Amino acid sequence: MNLAELREEIESIDQEIVELIARRTYVAETVAQVKAEREMPTTDEDQEQRVMDRAGENAEQFDVDANLVKAIFRLLIELNKVEQREKR
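What you see is a predicted model; the values in this text were computed from it and never measured.

**Student:** Go over a nonpolar patch on the surface, please, and point to the residues and values.
**Tutor:** A cluster of nonpolar side chains, contributed by Phe62, Val64, Leu68 and Ile72, occupies part of the molecular surface with about 400 Å² of accessible area. Among the secondary structure elements, Phe62 is positioned in the loop between α2 (45-61) and α3 (66-86).

**Student:** Talk me through unusual backbone geometry; I want residue IDs and the actual numbers.
**Tutor:** Positive phi, normally seen in glycine, also occurs at Glu39, with a value near 55°. Judged by its relative accessible area of 74%, Glu39 is exposed.

**Student:** Tell me about the confidence of the model for the protein, and name the residues and values.
**Tutor:** With 99% of its residues at a pLDDT of 70 or more, the protein has an overall mean of 94. Mean pLDDT values over the elements of the protein span from 92, in α3, up to 97, in α2.

**Student:** Lay out α3 in plain terms, naming residues and giving numbers.
**Tutor:** With 21 residues, α3 should cover 30 Å at 1.5 Å per step; its first-to-last C-alpha distance of 30 Å lies within 8% of that length. Taken as a whole, α3 has its buried residues at Val69, Leu76, Ile77, Asn80, Lys81 and Gln84. Buried residues of α3, seen end-on, are gathered within an arc of 135° and therefore sit on one face of the element. Every exposed residue of α3 that faces more than 90 degrees away from the buried side is listed here: Asn67, Leu75 and Glu86. Of the residues flanking the start of α3, the one acting as N-cap is Asp65, its side-chain oxygen 2.8 Å from the backbone nitrogen of Asn67.

**Student:** Describe the side chain of Lys81, naming the residues involved and giving the relevant values.
**Tutor:** Looking at the secondary structure, you find Lys81 in helix α3. When neighbours within four sequence positions are excluded, Lys81 is seen to be in contact with Thr42, Thr43 and Glu48.

**Student:** Before we move on, could you go through the packing of α2 against α3 and cite the residues and values that matter?
**Tutor:** It is at 8 Å that the axes of α2 and α3 come closest, and there the two elements cross at 150°. Here α2 lies roughly antiparallel to α3, going by the angle between them. The handedness of the crossing between α2 and α3 comes out as right-handed. Judged by residue contacts, Glu48, Val51, Met52, Ala55, Gly56 and Ala59 of α2 engage Ala66, Val69, Lys70, Phe73, Arg74, Ile77 and Lys81 from α3. Grouping the amino acids of the contact of α2 with α3 by side-chain chemistry returns 8 nonpolar, 1 polar and 4 charged.

Quick notes on the rules
Residues numbered from 1 in each chain as written. Predicted model: local features only at pLDDT ≥ 70, side-chain atom pairs only at ≥ 80, totals over all residues. Heavy atoms only, no water. Patch = residues over 30% accessible without salt bridge, like charges linked within 9 Å, V, L, I, M, F, W, Y side chains within 5 Å. Areas by Shrake-Rupley, 256 points an atom, 1.4 Å probe, with all protein chains shown as cover. Salt bridge = Lys/Arg side-chain N within 4 Å of Asp/Glu carboxyl O. Helix = DSSP H or I, 4+ residues; strand = E, 2+ residues; numbered from the N terminus. Buried < 20%, exposed > 50% of the residue type's maximum accessible area, 1.4 Å probe, protein only. pLDDT = per-residue confidence, 0-100. Expected span 1.5 Å × (residues − 1). Arc of directions from axis to C-beta. Polar contact = N/O pair within 3.5 Å; in protein donor to acceptor, adjacent residues only side chain to side chain. Contact = heavy atoms within 4.5 Å. Axes fitted to C-alpha atoms, helices over the stretch in contact; angles between N-to-C directions. Parallel < 35°, antiparallel > 145°, perpendicular 65-115°, else oblique. Left-handed = near helix turned anticlockwise from the far one by under 90°. Nonpolar A, V, L, I, M, F, W, Y, C, P; charged D, E, K, R; others polar.

Structure below.
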């Protein structure tokens, strides 16, 4: 592959990442609605830890830096929590 083709591949992957973030955000918003209906707190530290553990395991499975993956997931979790709080 030449440089242009590699860059096209990255562009395609980037689009897939954004699509997955959008899907995750949609599901997180639905979770927020369920939590609000059931008068549950926005933050669930046990669930957040499970997500972080799973992210680390997935990173290791694909030989990706676990700290980087966990940082990305921490950001996604925090953004979802902010949105949940704003909608209450």
